[in-house]
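# Coordinate analysis (summary)
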Amino acid sequence: MKKRNYNLLLGGIITGIMMVLTLTGFFYTPFDPEKMDAANKLSGISLTHIMGCDNFGRDIFSRVLKGCGTTFTVACGTVLIGTVFGTLIGAFTGYFGGLVDEVLMRIMDALFAFPSLLLALVFVSLFGSGKYHVIIALGIAFVPSFSRIVRGEYMRCRELDYVKSARLSGASHLRIMFVHILPNIFTVLLSSVMIGFNNAVLAEAGLTYLGIGVRPPDASLGEMLSSAQTYLFSAPWYALCTGGTMILMILGFSLMSEGLKKS
Amino acid sequence: MLLEVKDLNIEFHDHLIPETVVSDVDLTLSEGEILGLVGESGSGKSMTAHAIAGLLSRHDMKKTGEILFDGKNLLTCPREELRKIQGNDISVIFQEPMTSLNPVKKIGWQTGEALRLHTDLGPEEIKRKVLKMLELVELPDPELVYGQYPHELSGGMRQRVMIASAMICEPKILIADEPTTALDVTIQAQITALLKRFHETRHTAILFISHDLSLIRTLCERVIVMRQGRVVETGTAEEIFRQPKEDYTKLLIEAIPKCERGKSMREIL
């Protein structure tokens with residue numbers, strides 16, 4: 001009897017619920033997330049407002065739904081840029097080695113030396129803030145770590161006999177790299193994508209908290225968290241609900257990546 | 001002459017001190033011949049085979065000499081031309097059947113890879129050929145094996161799959177790099193018989209690398225003995241085994257474990 005993989009199961013359930021909420025947020029929210037209502041300013045949890053209202057009287061639940069969407073988009077975009085470019089660079093450097101490897105990896109080392117938040121900060125202050133700039137900035141900051149992981153895998157795989165026999169069948173380098181080797185490193189790539197996703201969620205929150213990320217009319221979890229800070233004692237549910245949502249989002253993905261590693 | 005290797009030298013340059021692994025190797029392989037390449041581990045026999053197959057990387061090592069196939073020097077010809085020859089005219093079977101198949105691809109896909117790259121056949125035609133080939137290497141239930149992954153097969157079956165994918169384009173030369181070392185004795189005999197049959201029916205020239213002298217003796221017509229990157233002795237299998245000229249060859253032959261009649265197990269031990 002195989003031991004059940006509770007990490008994967010629990011992570012899957014949490015992520016599933018979060019995904020449903022996020023997707024709902026794109027199409028439907030119980031209240032208009034941007035409609036202000038002076039009467040309900042900082043009102044507590046009630047049946048109409050299940051997460052209460054913020055300092056402008058906006059429904060927090062609706063804003064959380066909307067914010068999940070923004071955060072999710074940013075995280076996905078970041079990971080997508082990181083994975084695509086990271087895989088390309090990692091594949092070329094790891095497979096060919098030699099001079100290409102030396103040059104590209106030294107550039108990656110230089111990028112890697114900056115904390116990703118700092119790198120994104122520089123980028124955003126140069127090109128302006130906003131959702132898409134945050135995605136590009138964080139995406140670039142994520143490329144080095146992905147390319148390192150992929151490079152290691154390619155270096156391991158290129159010496160294996162099945163790669164040699166693929167070369168012997170007359171397959172071109174590109175075909176070997178992306179048709180023969182790539183499917184073999186999917187499991188490694190997948191768990192690093194999940195970890196990358198979590199880091200992206202946190203990094204987005206961090207950037208927005210510093211006031212250079214997603215701009216105010218766009219709700220995002222980080223932006224809500226930073227404004228909730230002011231009302232931590234007068235309206236603790238504001239910070240708790242937004243923070244809790246973010247924790248659930250990250251927890252679901254980390255549990256899933258742990259589970260995938262085990263299986 | 002199908003294949004001619006002249007003065008092959010291979011030198012590694014990936015450390016501070018260059019290391020010569022193959023020096024002044026000459027060998028010839030005519031059409032439809034089985035040539036045995038014997039030697040201890042590290043004698044350069046696999047390196048020679050890899051060089052012939054065009055598998056050595058182009059940096060970190062120096063290669064001099066000539067490997068002539070159909071009048072083309074495989075050491076210097078452009079990569080595009082080499083690629084046309086690889087898989088189509090020259091194929092290799094590796095020692096370790098556990099790692100020589102891609103773990104995430106189905107058997108059918110892997111066997112047909114050379115056809116996909118070298119011919120314009122459609123998927124249907126490729127599948128038909130692959131199934132026929134899997135049947136030729138005596139795999140039970142080719143239809144089933146076609147859709148299986150390597151981990152579902154035993155070592156012997158994987159080596160059969162390897163032979164099938166190496167032979168699918170009907171190459172002129174098959175390089176067998178210790179194809180039976182990782183298999184047990186009964187499977188060894190079956191695999192050798194299979195190679196021999198391909199040799200007889202399709203006139204494939206085989207370069208058979210092994211350190212198993214008794215196997216070489218039953219299979220090969222001509223034998224080359226290598227030691228420390230050099231050719232020690234060349235001759236027909238009979239000559240080498242009956243009257244070895246070099247001391248090293250004598251030593252190798254003496255090292256074959258013998259099962260003498262009349263001796264009990266206890267005495268041998």
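Quantities reported herein were computed from a predicted structural model and do not represent experimental measurements.

### Some words on empty space enclosed by the protein
A probe as big as a water molecule, rolled over the atoms, marks out the empty space that is left. Throughout the structure, instances matching the rule amount to four cavities of 30 Å³ or more. If you add up the space inside the largest cavity, you get close to 240 Å³. Taken together, 19 residues form the lining of the largest cavity, with Ser165, Ala166 and Ser169 of chain A together with Gln110 and Ser165 of chain B sitting closest to its centre. Those elements that place two or more of their residues in the lining of the largest cavity are helix H6 (161-168) of chain A together with strand S6 (90-93), helix H3 (107-111), helix H4 (113-118) and helix H7 (155-167) of chain B. When residues of the lining of the largest cavity are assigned to their parent elements, the largest contribution, four residues, is made by H6 of chain A. Here the residues of the lining of the largest cavity are counted per class, giving nine nonpolar, nine polar and one charged. The calculated volume of the second largest cavity comes to roughly 70 Å³. If you trace the second largest cavity, you find it lined by Arg167, Ala171 and His173 of chain A together with Gly54, Arg79, Leu82, Arg83 and Gln86 of chain B. At three residues, helix H2 (residues 79-85) of chain B tops the list of elements feeding residues into the lining of the second largest cavity. Across the lining of the second largest cavity, the residue classes break down as two nonpolar, three polar and three charged.

### Concerning H6 of chain A
For H6 of chain A, a buried count of eight out of eight residues is recorded, marking the element as mostly surrounded by other parts of the structure. On its buried face, H6 of chain A is in contact with helix H2 (60-96), helix H5 (131-157) and helix H7 (173-181) of chain A together with helix H1 (45-53), S6 and H7 of chain B. Positive backbone phi, at 90 degrees, marks Gly170 of chain A, one or two positions downstream of H6 of chain A.

### Here's the deal with the pattern of salt bridges
One pass over the structure, following the stated rule, counts 23 salt bridges over all chains. For the salt bridge of Arg63 of chain A with Glu223 of chain A, the shortest nitrogen-to-oxygen distance reads 3.5 Å. Of this pair, Arg63 of chain A sits in helix H2 while Glu223 of chain A is found in helix H9 (residues 221-228), placing the two residues 160 residues apart along the sequence. With a closest N to O distance of 2.8 Å, Glu113 of chain B and Arg116 of chain B form a salt bridge. Of the two residues, Glu113 of chain B and Arg116 of chain B are both situated in helix H4; the distance of three residues between them amounts to about one turn of the helix. Overlapping salt bridges, with partners in common, bring together Glu102, Arg106, Asp109 and Arg148 of chain A in one network.

### Quick look at the interface of chain B and chain A
Taken together, the contacts link 28 residues of chain B with 17 residues of chain A. Around 1900 Å² of area is buried between chain B and chain A when both sides are counted, 57% of it from carbon and sulfur atoms. Here Glu113 of chain B and Arg175 of chain A are joined by a salt bridge, their closest N and O atoms 2.7 Å apart. When residues of the side of chain B that touches chain A are traced back to their parent elements, those giving at least two are H1, H2, S6 and H4 of chain B. The leading source of residues in the side of chain B that touches chain A is H4 of chain B, at five residues. Class assignment of the residues belonging to the side of chain B that touches chain A gives a composition of 13 nonpolar, nine polar and six charged.

### Brief notes about the packing of helix H8 (residues 186-209) of chain A against H9 of chain A
Residues and elements named next belong to chain A. Axis separation between H8 and H9 bottoms out at 7 Å; the angle between their running directions is 45 degrees. In terms of axis orientation, H8 runs oblique to H9. Relative to H9, the crossing made by H8 is right-handed. Two secondary-structure elements touch here, H8 through Glu204, Ala205, Thr208 and Tyr209 and H9 through Gly222, Glu223 and Ser226. Counted by class, the contact of H8 with H9 contains two nonpolar, three polar and two charged residues.

### Points about the layout of surface pockets
Quantified by volume, the largest pocket comes out at close to 910 Å³. Lining the largest pocket are 35 residues, and of these Glu159 and Arg167 of chain A together with Leu55, Leu56 and Ser57 of chain B lie nearest its centre. Space inside the second largest pocket adds up to approximately 280 Å³. Every residue lining the second largest pocket is counted, 19 residues in all, and those nearest its centre are Ser116, Ala141, Phe142, Ser145 and Asn199 of chain A. Broken down by element, the residue count for the lining of the second largest pocket peaks at seven residues, all from H8 of chain A.

### Brief notes about the confidence of the model for chain A
Chain-level statistics for chain A give a pLDDT mean of 83 and a share of 95% at 70 or above. For chain A, per-element mean pLDDT is lowest for helix H4 (residues 116-127) of chain A, which scores 81, and highest for H2 of chain A, which scores 89.

### Things to note about the sheet that holds strand S3 (residues 34-38) of chain B
For sheets, the rule is that strands pair by backbone hydrogen bonds, running either parallel or antiparallel. Residue and element names in this part refer to chain B. The six strands are arranged S6-S7-S8-S3-S9-S10 in an open sheet whose pairing can be described as mixed. What marks the edges here is a single partner per strand, and that holds for S6 and strand S10 (230-236). Averaged over all pairs of adjacent strands, the angle between strand axes in this sheet comes to 15 degrees, irrespective of strand direction. Bridge count for strand S9 (residues 222-227) against S10 is six bridges, and the pairing is antiparallel. When the sheet's bridge partners are listed, Val223 is paired in S10 with Gly235. Packed on one face of the sheet, H1 meets S3, S6, strand S7 (173-177), strand S8 (205-210) and S9 and runs near 150 degrees to S7. On the sheet, helix H8 (residues 185-202) packs against S3, S6, S7 and S8 and is oriented at approximately 155 degrees with respect to S8.

### Quick word on the pairing of S6 of chain B
It is a general feature of regular strands that their side chains alternate between the two faces of the sheet. Residues and elements named next belong to chain B. The alternating pattern of S6 places Ile90 and Val92 on one face and Ser91 and Ile93 on the opposite face, and all of these are buried. Taken together, the four bridges between S6 and S7 define a ladder with parallel strand orientation. Counted as the bridge partner of Ile93 is Ala176 from S7.

### Description of a nonpolar patch on the surface
Residue and element names in this part refer to chain A. A surface patch of nonpolar side chains, amounting to about 850 Å² of accessible area, comprises Phe114, Leu117, Leu118, Leu121, Val122, Leu126, Phe127, Tyr209 and Leu210. Considering each element in turn, the nonpolar patch owes the most residues, six residues, to H4. Among the structural elements, Leu118 can be located in helix H4.

### Remarks on H4 of chain A
All names here are of chain A. When the terminal C-alpha atoms of H4 are compared, their 16 Å separation across twelve residues agrees well with the 16 Å that a helix rising 1.5 Å per residue should span. Those residues of H4 lying buried are Leu119, Ala120, Phe123 and Val124. For H4, the angular spread of buried residues about the axis comes to 130 degrees, placing them on one side. Exposed residues pointing more than 90 degrees away from the buried face of H4 are listed as Ser125 and Leu126. Its buried side turned inward, H4 meets helix H3 (98-113), H5 and H8.

The rules behind these values
Residues numbered from 1 in each chain as written. Chains lettered and ligands numbered in written order. Predicted model: local features only at pLDDT ≥ 70, side-chain atom pairs only at ≥ 80, totals over all residues. Heavy atoms only, no water. 1 Å grid on protein atoms, 1.4 Å probe; cavity = no way out; pocket = protein on both sides within 12 Å on 5 of 7 lines; lining within 4 Å. Points joined across faces, edges and corners; volume = space filled by probe spheres on them. Helix = DSSP H or I, 4+ residues; strand = E, 2+ residues; numbered from the N terminus. Nonpolar A, V, L, I, M, F, W, Y, C, P; charged D, E, K, R; others polar. Buried < 20%, exposed > 50% of the residue type's maximum accessible area, 1.4 Å probe, protein only. Contact = heavy atoms within 4.5 Å. Salt bridge = Lys/Arg side-chain N within 4 Å of Asp/Glu carboxyl O. Buried area = accessible area lost by both parts, 1.4 Å probe. Axes fitted to C-alpha atoms, helices over the stretch in contact; angles between N-to-C directions. Parallel < 35°, antiparallel > 145°, perpendicular 65-115°, else oblique. Left-handed = near helix turned anticlockwise from the far one by under 90°. pLDDT = per-residue confidence, 0-100. Pairing = 2+ DSSP bridges. Patch = residues over 30% accessible without salt bridge, like charges linked within 9 Å, V, L, I, M, F, W, Y side chains within 5 Å. Areas by Shrake-Rupley, 256 points an atom, 1.4 Å probe, with all protein chains shown as cover. Expected span 1.5 Å × (residues − 1). Arc of directions from axis to C-beta.

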